[in-house]
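Results of the structural survey
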Amino acid sequence: MKLYGGLASPYVARVVLFARLKGIDLVPEMPAGGIKTPEYLAKNPMGKMPVLEVDGTAIPESEVICEYLEDLHPGTGGLPGTPAERARARLISRIHDVYLSSGVTTLFRNLNPAKRDEAAVESAKASAEAGFGYLEHFVTASPYAAGSQLSLADCALLPSIVILRKTAFPAYGLNDPTAGAGKLGRWWAACGADPQAGPFIEEYSAAVDAFLRMLAGK
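Residues numbered from 1 in each chain as written. Predicted model: local features only at pLDDT ≥ 70, side-chain atom pairs only at ≥ 80, totals over all residues. Heavy atoms only, no water.

A short note on the overall build of the chain
Scanning the chain from N- to C-terminus turns up nine helices and three strands. Helices and strands in the chain line up, N terminus first, as β-α-α-β-β-α-α-α-α-α-α-α. For 218 residues, the compact-globule estimate of 2.2 N^0.38 gives 17 Å, and the C-alpha radius of gyration of the chain, at 17 Å, lies within 12% of that figure. The principal-axis extents of the C-alpha atoms in the chain amount to approximately 45 × 45 × 25 Å. Evaluated residue by residue, the chain yields a buried proportion of 46% over its 218 residues. In the chain, once contacts between residues fewer than 6 apart in sequence are set aside, the share between residues at least 24 apart is 67%. Surface exposure of the chain reaches about 10,300 Å², of which carbon and sulfur atoms provide 56%. One finds the centroid of the 21 positive side-chain charges in the chain at a distance of 3 Å from the centroid of its 23 negative side-chain charges. (Helix = DSSP H or I, 4+ residues; strand = E, 2+ residues; numbered from the N terminus. Rg over C-alpha atoms; globule rule 2.2 N^0.38 Å. Buried < 20%, exposed > 50% of the residue type's maximum accessible area, 1.4 Å probe, protein only. Contact = heavy atoms within 4.5 Å. Areas by Shrake-Rupley, 256 points an atom, 1.4 Å probe, with all protein chains shown as cover. Lys, Arg positive; Asp, Glu negative; His and termini not counted. Charge placed at Lys NZ, Arg CZ, Asp CG, Glu CD.)

Structure representation (structure tokens):
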């Protein structure tokens, strides 16, 4: 199996962490020439990352890749627990993708005040606030997002939270729900102290920092 993409992408990071929960070591690599080359577009005409290549078959979309890995190695982390707990993990991942992710992307793309689309930023802030409200409701913080073990839910949330804490929260003066005493705050603290999630947060933070330095140098 070969995973295409850069670790700084929250979607690539989701797959990497999910694979680790299942005992699979996937080291992402950027395709030669980037993700808009004819060679890469032949694998994924959507021109996005990640893509998992397995025996000549290209599997795009982080959520689909995670489900593939779950089918490949069922019951070995990633989606543990009861059917209800697994459903909650999928739900939290879905809430992230539908109600939070697009807002995170918009806020990130408008960090430069000189090029900021204020209307888009205000819409994204409202979307992010609503998304965090939904997450605060459904996250269990017992101690992880969907139960007593790390799961797909944590894999979806952690990368976006790292990016927000480094960029959008301070840049826009937004309230950081992971810094408070609510469920998201308790969840973040538990992940930071976890022997698997904690080092991943540090690794991913370093990848994001390198990406931000690269952007600043352009």
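Next comes the rest of the account.
A short note on the nonpolar core
Formed by 60 residues in total, the largest nonpolar core has its most connected members in Leu69, Leu135, Val139 and Trp187. For this core, the leading source of residues is helix H6 (residues 152-166), giving nine residues. (Core = buried A, V, L, I, M, F, W, Y, C linked by side-chain atoms within 4.5 Å.)

Digging into the sheet that holds strand E3 (residues 57-60)
Strand order across the open sheet formed by three strands is E1-E2-E3, with antiparallel pairing between neighbours. With one partner strand each, in any of the chains shown, strand E1 (2-4) and E3 form the two edges of the open sheet. If you compare each strand with its neighbour and ignore which way they point, the axes differ by 25 degrees on average. Note that strand E2 (residues 51-54) and E3 share four bridges and pair antiparallel. Across the sheet, the residue bridging to Val51 is Pro60, located in E3. Contacts between helix H3 (residues 62-72) and the sheet are confined to E1, E2 and E3, with E3 contributing the most and set at about 120 degrees to the helix. (Pairing = 2+ DSSP bridges. Axes fitted to C-alpha atoms, helices over the stretch in contact; angles between N-to-C directions.)

Quick word on the environment of Met30
Relative to the assigned elements, Met30 resides in the loop between helix H1 (10-21) and helix H2 (38-43). Accessibility expressed as a relative area gives 43% for Met30, which makes it partly exposed. When the C-alpha atoms of Met30 and Met49 are compared, they prove to be 9.0 Å apart, with 19 residues separating the residues in sequence. Once residues within four sequence positions are removed from consideration, Met30 is found in contact with Gly5, Gly6, Ile35 and Met49.

Focus: the packing of helix H4 (residues 83-109) against helix H5 (residues 118-138)
Viewed as axis vectors pointing N to C, H4 and H5 meet at an angle of 160 degrees, and their least axial separation amounts to 7 Å. In terms of their interaxial angle, H4 and H5 are classed as roughly antiparallel. Between H4 and H5 lies a crossing of left-handed hand. Residues Arg88, Leu91, Ile92, Ile95, Tyr99, Leu100, Gly103, Thr106 and Leu107 of H4 lie in contact with H5, whose contacting residues are Ala120, Val121, Ala124, Lys125, Ser127, Ala128, Gly131, Phe132, Tyr134, Leu135 and Phe138. Counted by class, the contact of H4 with H5 contains 14 nonpolar, four polar and two charged residues. (Parallel < 35°, antiparallel > 145°, perpendicular 65-115°, else oblique. Left-handed = near helix turned anticlockwise from the far one by under 90°. Nonpolar A, V, L, I, M, F, W, Y, C, P; charged D, E, K, R; others polar.)

Focus: the packing of aromatic side chains
Across all of its chains, the model carries six aromatic pairs by this definition. Measuring from centroid to centroid gives 6.3 Å for Phe108 and Phe211, while their planes differ by 20 degrees, and the two rings are stacked. On the criterion of sequence distance, the pair formed by Phe108 in helix H4 and Phe211 in helix H9 (residues 197-216) is long-range, its members being 103 residues apart. Looking at Phe108, the relative accessible area reads 23%, which means it is partly exposed. With a centroid separation of 6.2 Å and 5 degrees between ring planes, the pair formed by Phe200 and Tyr204 is classed as stacked. Taken together, the residues Phe200 and Tyr204, both in helix H9 and four residues apart, mark about one turn of the helix. The exposure class assigned to Phe200 is buried, which follows from its relative accessible area of 2%. (Phe/Tyr/Trp six-rings, centres within 6.5 Å; stacked < 30°, edge-to-face > 60°.)

Read these as layout, nothing more, since geometry by itself doesn't imply function.
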